Structures are given as structure tokens and as C-alpha cells.
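Spelled out from the first residue to the last, the chains are:
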Amino acid sequence: YVKQLKLSVRLITILSFLITILLPGFYLAFAKFHDNLVSKEIHKKFFVEKATLLPLWAEVFLLIFLLQILGIGSYKISREMMLLVSLISTITIGTTAVDAKLVHPLSLIVAGIAYLTSTMLTIGTLPSSIQPIRYIFLFIGNFFGFTGMGIGLLIMIIHMSRLRSVGVPYLAPLIPFNFKEFKDVFYRGDLRKLINSEHKYPHDDKSS
């Protein structure tokens, strides 16, 4: 059971990262360029009969921005006030905004899922790095659709593959590929062996 838990946590974290940065942009791209991929009934219900005051991109941007404020504020208030703030935020962002037809319920669900998955990525300065990436993909999805998002994701992967952290490639052992190092990618291996093992990559010999 413990081994399965180790495996699932790593995979869930990777999946949460992709959902956090891509889901809002994917939603806008789908609604604006690719809504013909669903049935006419779903298209009519969620994308044609949309009687809200704000355009779709503004809805998603506003919801993500408000949830980001809520997340930042949770670190600056006491635990006693956290329950009250969460209650007021839930009523304001959720029920009131939907009933007043400021936002579409589906937009609220998408923004909520993206916020929930971001809670899996609260290590160090990672949250501050994720926020601008999510807004970038939000912009790309709204104006360039799935094709633009695919190109943007490819550019991000290329950029990350060129980074190094304490001398180790940032995406190692995926890029550059090293199968022997996979014992610490999707599951946590034996920590004693990981600490004492030598990490070597193909281009290290060339640079030395």
C-alpha cells in the first residue's frame, strides 16, 4: 500500500501541474475554436445560451485572479479568521456571481479545478512561477486555440530542458533521457541509495 501511495502521489503531482497551467486555456480554446467537437445539445447549453455579462475570457481571468487573491490572503490572516474569509469568498465568488449571471457555472468549475490542483504545488517558489505560466496559456488558448497551446507547451518544454539546477538538467532524467535515474521520477525510491548514488548524464563528460 505504501509503495502504491508513493507512486500515486508523484503521478498526481505531475498531472496537477499540467491541469493547473493548461485547463483554463484549454477551456477558452475549446469554447472559441473547437466547440464543434461536442454534440449540438451540449454546444447549445454551454456555449450558445450563455447569458452572462462578461465575455468568457474575462470570466475565467477574473475567477482565477480572485482565487489567487484568496490563496495569498490565506497566508496573511490568522487561523481564526480563515473560516470566515473562506465562507465569504465561497458565497461571493460562487453562488452570488453565478446567480447574478456575472460568470457561467462551467467557468467557475474550470477555475475551481485549476485552483484545487494548484494546492498540490505549494513547494518553495513554485506557486509564484506557475501563476504567470497559467495566464500565458490563458492568453494563447483564447487567441490561438489548441494549435497555439501545443506550440506554447513545446516552447516551455524546450526552455525547461535547457535549465540546470545545481548542475543537473532541470527535466532529467526525462530530458536528457536516462532510464537508470527513473527510480526517483514517478515514485520515491530508497532514500539512502538515492543520496549515495552518483548522478551522471551524457553531456557531463563533454563539458568537463
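Report on the accompanying structure.

Reading the values: the criteria
- Residues numbered from 1 in each chain as written.
- Predicted model: local features only at pLDDT ≥ 70, side-chain atom pairs only at ≥ 80, totals over all residues.
- Heavy atoms only, no water.
- Phe/Tyr/Trp six-rings, centres within 6.5 Å; stacked < 30°, edge-to-face > 60°.
- Helix = DSSP H or I, 4+ residues; strand = E, 2+ residues; numbered from the N terminus.
- Buried < 20%, exposed > 50% of the residue type's maximum accessible area, 1.4 Å probe, protein only.
- Lys NZ or Arg CZ within 6 Å of the ring centre and 35° of its normal.
- Axes fitted to C-alpha atoms, helices over the stretch in contact; angles between N-to-C directions.
- Left-handed = near helix turned anticlockwise from the far one by under 90°.
- Contact = heavy atoms within 4.5 Å.
- Nonpolar A, V, L, I, M, F, W, Y, C, P; charged D, E, K, R; others polar.
- Polar contact = N/O pair within 3.5 Å; in protein donor to acceptor, adjacent residues only side chain to side chain.

1. A look at the packing of aromatic side chains
Logical step 1: If you walk through the whole model with that rule in mind, you get six aromatic pairs.
Logical step 2: Pairing phenylalanine 139 with phenylalanine 143 gives two aromatic rings, centres 4.8 Å apart and planes at 45°, and the pair type is tilted. Taken together, the positions of phenylalanine 139 and phenylalanine 143, both in helix α6 (residues 126-162) and four residues apart, correspond to about one turn of that helix.
Logical step 3: Phenylalanine 139 sits in the partly exposed class, given a relative accessible area of 48%.
Logical step 4: Clustering of aromatic rings is evident, with ring pairs tying together Phe26, Phe30 and Phe146.
Logical step 5: For lysine 32, the ring lying beneath its charged end belongs to phenylalanine 143, and the centroid distance is 5.2 Å.

2. Considerations on the packing of helix α3 (residues 56-73) against helix α5 (residues 105-118)
Logical step 1: In contact at an axis separation of 9 Å, α3 and α5 are set at 40° when each is read in the N-to-C sense. Between α3 and α5 the crossing geometry is right-handed. Facing Leu56, Glu59, Val60, Leu63, Ile64, Leu67 and Gly71 of α3, the residues of α5 in contact are Ser107, Leu108, Ala111, Gly112 and Tyr115.
Logical step 2: Residues of the contact of α3 with α5, tallied by class, amount to eight nonpolar, three polar and one charged.

3. Quick word on the side chain of glutamine 131
Logical step 1: Here glutamine 131 shows up in helix α6.
Logical step 2: By relative accessible area, which is 14% here, glutamine 131 ends up buried.
Logical step 3: Reaching out from glutamine 131, the side chain makes a polar contact with the side chain of arginine 134 at a distance of 2.8 Å.

4. Observations regarding the side chain of asparagine 142
Logical step 1: Mapped onto the secondary structure, asparagine 142 falls in helix α6.
Logical step 2: Here asparagine 142 falls in the buried class, since its relative accessible area comes to 9%.
Logical step 3: With residues up to four places along the chain from it excluded, the contact list for asparagine 142 reads Leu28, Lys32, Phe33 and Trp57.

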